[in-house]
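Geometric and topological summary
Each chain is listed here by its residues.
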Amino acid sequence: MWMNDPNGLVFFEGEYHLFYQYYPERNVWGPMHWGHAVSRDLVHWEQLPIALYPDSLGYIFSGSAAVDWSNTSGFGENGKPPLVAMFTLHNMTREKAGRKDVESQGIAYSNDRGRTWTKYSANPVLPNTENQRDFRDPKIVWHEASKKWIVVLAVGDHAEFWSAPDLIHWTHLSDFGKEYGAHGGVWECPDFFPIRVEGTSETKWVLLQNLNPGGPNGGSCLQYFVGQFDGKTFSLDPDFAKSVSNGNGIWVDWGKDNYAGVTWSDLPKSDGRRLLLGWMSNWEYAQEVPTVAWRNAATLPRELVLTNTSEGYRFKCRPVKELKSLRKKSFELPKGEITEKIDLSDKLKFSPAQSEWVLEFKLPEDLTPAVSSVDRFRGSVGIELSNAKGETYRIGYDGNKNQFFSDRTKSGDHSFSKTFAAGIHTAPRISKAGVLRIHLYFDVASAELFADDGSTVMTELYFPTEIFNQAKIFVEGEKLTLSSGSIYALSRIWK
Ligand code: FRU
């Protein structure tokens, strides 16, 4: 049935929890519940019973969860820390009455590894006292330095920071964002966490801020901000502030189908990763996509890595390493110059419809500052999936424009939406390296591109009316050298 945002991502006792916006009765949005699934490896998932049902205070909108290690809330039992979830209560009676104070925040806790949840009897713990129409999607994070809980809320055109000693008694700290970042729509589903800058001992605080609409290719999308947090105020790194002035957004994913991305709380220090999961759809057409028994899915889990670039702090976003366990068979491509195309349809002994690609091309240029720019590659290179009906999906790199592209304009059914196949979607090439890396996952109806080690990411849906069982690598306009290339058949994650 219907799903949207991931909620309450938390790791506890060996399990990754995934809650999600869920309407169990129909394949369109409706009274929101928190569905629930768990995984021990981020690859195989077990569906569990619904965790939270709507109640007299409202639908259960998006939110987060964390382990309350010191039992600050007092909800723990037998000396064990409880799991605490915080979510938005969206009151439809008030909405229908035209009131503004429709959203407030509630909490619930679990003492049995997330299997059952008890809502706090005095909800809402964070009422909407200032009548703000959009006041939702709480992200809770423990702030070690001040030994307090912080919650970040999405409030229309900004994020609000609040704190509490116990997850129950909240005080407003500060606001962020009216004058920074993209504002083509309403801010939703924030995330907030400290992260170490790759290869250094420096820590930054990051605010992920989903936005709908206003994305680089239209509709729903995820932007982020890098700065510091003193326990009260989030302030941007000076270079980052420059990049996000004038309404500019810095995006985690340039594709149209990665929204409401948030990260897992409480991964063990020994792991140290920051893992992101998004909803693989876009509010432009999420309710109309041509699926029946289910509607919409999550993206692959990804690792966020903060790097210090010549432009300032930027994320690289890579598929989690656990996904390698799905590789079943591999096909090694011949290295060397590609002048036009490599048709793989008779060569692959498996379906390209569900496959992983790891390709490396040698570009004639190297734009890293140390090397002066020489000949540029002015052609296009990429992968094309197709079927006997002539439907095609193409994804790749356009050297002329120095950008990646995803072309689903002829990929099958798009009758359900005016915008779904309206144009080719693009993303700038951020990397300046002389090697072009393409890491790509196809599922039956989706592509997830991690280019240049995750410097440019695109997640896109498509709906062929017959499975894509043909594949080719194409090079157009110029020739290009493939320095290495593997294609993997992937196992199903369900038994
Ligand atoms: C984002 C969102 C959230 C809200 C939820 C409702 O997709 O609009 O802001 O909590 O979906 O399902």
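Here's a quick rundown of the structure. (Residues numbered from 1 in each chain as written. Predicted model: local features only at pLDDT ≥ 70, side-chain atom pairs only at ≥ 80, totals over all residues. Heavy atoms only, no water.)

1. Things to note about the sheet that holds strand β28 (residues 425–428)
Overall, antiparallel pairing links the six strands, which are arranged β23-β32-β25-β26-β27-β28 in an open sheet. Sheet topology places β23 (341–343) and β28 at the edges, where each strand pairs with a single neighbour. In this sheet, adjacent strand axes meet at a mean angle of 15° when their direction is disregarded. For strand β26 (residues 392–398) and strand β27 (residues 403–407), the ladder comprises five bridges, and the chain directions are antiparallel. Pairing of I395 across the sheet is with S406, part of β27. (Pairing = 2+ DSSP bridges. Helix = DSSP H or I, 4+ residues; strand = E, 2+ residues; numbered from the N terminus. Axes fitted to C-alpha atoms, helices over the stretch in contact; angles between N-to-C directions.)

2. Considering unusual backbone geometry
For the bond from N123 to P124, the omega torsion is 0°, close enough to zero to count as cis. Looking at the element boundaries, P124 is found in the loop between β8 (118–119) and β9 (136–143). The residue after N212, namely P213, is reached through a cis peptide bond having omega -10°. On the secondary structure map, P213 appears in the loop between β14 (203–212) and β15 (221–229). Although it is not a glycine, R113 adopts a positive phi angle of roughly 55°. The class for R113 is partly exposed, based on a relative accessible area of 31%. Phi at N402 is positive, roughly 50°, even though this residue is not glycine. Mapped onto the secondary structure, N402 falls in the loop between β26 and β27. (Buried < 20%, exposed > 50% of the residue type's maximum accessible area, 1.4 Å probe, protein only.)

3. Considerations on the environment of A297
Its place among the elements puts A297 in the loop between β18 (275–279) and β19 (302–309). Through-space distance from the C-alpha of A297 to that of M280 is 5.6 Å; in sequence the pair is 17 residues apart. Excluding its chain neighbours within four sequence positions, the residues that come into contact with A297 are M3, G278, W279 and M280. (Contact = heavy atoms within 4.5 Å.)

4. So, the sheet that holds strand β10 (residues 148–155)
Spatial ordering of the open sheet is given by β9-β10-β11-β12, a layout of four strands whose pairing is antiparallel. The outermost strands of the open sheet, each flanked by one partner alone, are β9 and β12 (171–176). When strand polarity is set aside, the average angle formed by the axes of neighbouring strands in this sheet is 25°.

5. Topic: the pattern of salt bridges
Should their charged atoms come close, side chains of opposite charge can pair. Counted under the stated rule, the structure contains 34 salt bridges. Between R113 and E13 there is a salt bridge, with the nearest N and O atoms lying 3.9 Å from each other. Of this pair, R113 sits in the loop between β7 (103–110) and β8 while E13 sits in the loop between β1 (2–12) and β2 (15–23), and the two are 100 residues apart along the sequence. With relative accessibility at 39%, the residue E13 sits in the partly exposed group. For the salt bridge of D271 with R273, the shortest nitrogen-to-oxygen distance reads 2.9 Å. For R273, a relative accessible area of 11% translates into the label buried. It is possible to trace a salt-bridge network through shared partners that takes in E13, E15, K80, R113 and R115. (Salt bridge = Lys/Arg side-chain N within 4 Å of Asp/Glu carboxyl O.)

6. Some details on the nonpolar core
F161, L208, F234, W357, F361, F442 and I473 are the most contacted members of the largest nonpolar core, which has 100 residues in total. Among the elements that line this core, the one with the most residues is β15, at six residues. Residue assignment places this core across two domains, with domain 1 (2–319) and domain 2 (328–490) each supplying three or more. In this view, F161 contacts I150, V151, V152, T171, H172, L173, S174, F176, F192, F229, K232 and F234; residues no more than four positions away in its chain are not counted. Listed in part, the 19 residues of the second largest apolar core include V125, I140, L153 and W170. (Core = buried A, V, L, I, M, F, W, Y, C linked by side-chain atoms within 4.5 Å. Domains from an automatic or database assignment.)

7. Quick look at the site of the ligand
The environment of the ligand is made up of N4, D5, Q21, W29, M32, F61, S62, R136, D137, E188, Y259 and W283. Within the side chain of Q21, one N or O atom sits 2.6 Å away from an oxygen atom of the ligand. Contact distances for the ligand include 2.8 Å between an oxygen atom and a side-chain N or O atom of R136. Protein contacts shield 95% of the accessible area of the ligand, which totals 320 Å² for the unbound molecule. (Near = heavy atom within 4 Å. Polar contact = N/O pair within 3.5 Å; in protein donor to acceptor, adjacent residues only side chain to side chain. Areas by Shrake-Rupley, 256 points an atom, 1.4 Å probe, with all protein chains shown as cover.)

8. Description of the packing of aromatic side chains
Within the structure shown, the criterion is met by 42 aromatic pairs. For the pair W2 and W279, a centre-to-centre distance of 6.0 Å together with 65° between the ring planes defines the contact as edge-to-face. Of the two residues, W2 sits in strand β1 while W279 sits in strand β18, which places them 277 residues apart along the sequence. Residue classification places W2 among the buried residues on the basis of a relative accessible area of 0%. On the accessibility criterion, W279 (0% relative accessible area) is buried. Here the aromatic cluster, defined as three or more aromatic residues joined through ring pairs, consists of F161, F176, Y180, W187, F192, W205, F225, F229 and F234. Across from the ring centre of Y488, 4.0 Å away, lies the NZ or CZ of R327, which sits over that ring. The ring centre of Y397 lies 5.8 Å from the NZ or CZ of R429, which sits over that ring. (Phe/Tyr/Trp six-rings, centres within 6.5 Å; stacked < 30°, edge-to-face > 60°. Lys NZ or Arg CZ within 6 Å of the ring centre and 35° of its normal.)

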